[in-house]
Amino acid sequence: YSATVRAKFGDELSSVARLTVPNGYIWRVDIRKDEGKVWLDDGWQEFMEYHLICVGFSVVFQYEKISNF
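Under the annotation held in an unreviewed UniProt entry, the chain carries the name TF-B3 domain-containing protein and is attributed to Citrus sinensis. We quote the UniProt Subcellular location (unreviewed entry) comment for the chain here in full: "Nucleus".

Structure follows, in structure tokens:
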């Protein structure tokens, strides 16, 4: 997953992702990049808890450019 995200979006990803949910609320989640890997960091746990996302769930985001999903 991480290699795919990096290959597709490269340096376009900033250090913060903006996740817009259906009600229009925007969640700010840190993007961490290290040794060729990319993952969601600070803020992601809160996003998951609020939306009741558990281990085994799939989450799909549509990328809108410049770290907006």
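Undergrad: Quick one: what's the story with the pattern of salt bridges, residue by residue and with numbers?
TA: Under the criterion given, the structure shown has 1 salt bridge. Here R32 makes a salt bridge to D41, at a shortest N to O gap of 3.1 Å. Judged by its relative accessible area of 22%, D41 falls in the partly exposed class.

Undergrad: How would you sum up the sheet that holds strand β2 (residues 26-34)? Please name residues and give values.
TA: A sheet is described by the order of its strands in space; here 3 strands give the open sequence β1-β2-β3, paired in antiparallel fashion. At either margin of the open sheet sits one strand with a lone partner, and together these are β1 (16-20) and β3 (37-40). Between one strand axis and the next, the sheet turns by 30° as a mean value, whatever way the strands run. The pairing of β2 with β3 spans 4 bridges and is antiparallel. Following the sheet pairing, R32 is matched in β3 by W39.

Undergrad: Describe in detail unusual backbone geometry, supporting the description with residues and values.
TA: Even without glycine at this site, L52 takes up a positive phi of about 55°. The topology assignment puts L52 in the segment after α2 (44-50).

Undergrad: Give a description of the confidence of the model for the chain that names residues and reports values.
TA: Here the chain shows a mean pLDDT of 84. Residues at 70 or above account for 86%. For the chain, per-element mean pLDDT is lowest for helix α1 (residues 2-9), which scores 64, and highest for α2, which scores 95.

Undergrad: Give a description of the pairing of β2 that names residues and reports values.
TA: Where β1 meets β2, 5 bridges bridge the pair, whose relative direction is antiparallel. If you follow R18 over to β2, its bridge partner there is R28. Where β2 folds back onto β3 in an antiparallel hairpin, the turn is made up of 2 residues, including E35, whose phi is positive at roughly 50°.

Undergrad: Break down the packing of aromatic side chains for me, with residues and values.
TA: Across all of its chains, the model carries 8 aromatic pairs by this definition. Between Y25 and W27, the aromatic rings sit 5.4 Å apart at their centres with planes inclined by 75°, giving edge-to-face as the arrangement. Looking at Y25, the relative accessible area reads 48%, which means it is partly exposed. Overall, the relative accessible area of 14% leaves W27 in the buried class. Taken together, a centroid distance of 5.3 Å and an interplanar angle of 20° make the contact between W44 and F47 stacked. Residue W44 and its partner F47 are both found in helix α2; the two are separated by 3 residues, about one turn of the helix. Each member of the pair, W44 as well as F47, is classed as buried. Pairwise contacts between aromatic rings join Y25, W27, W44, F47, Y50, F61, Y63 and F69 into one cluster.

The rules behind these values
Residues numbered from 1 in each chain as written. Predicted model: local features only at pLDDT ≥ 70, side-chain atom pairs only at ≥ 80, totals over all residues. Heavy atoms only, no water. UniProt positions renumbered as here; feature names shortened; annotations may be inferred. Salt bridge = Lys/Arg side-chain N within 4 Å of Asp/Glu carboxyl O. Buried < 20%, exposed > 50% of the residue type's maximum accessible area, 1.4 Å probe, protein only. Pairing = 2+ DSSP bridges. Helix = DSSP H or I, 4+ residues; strand = E, 2+ residues; numbered from the N terminus. Axes fitted to C-alpha atoms, helices over the stretch in contact; angles between N-to-C directions. pLDDT = per-residue confidence, 0-100. Phe/Tyr/Trp six-rings, centres within 6.5 Å; stacked < 30°, edge-to-face > 60°.

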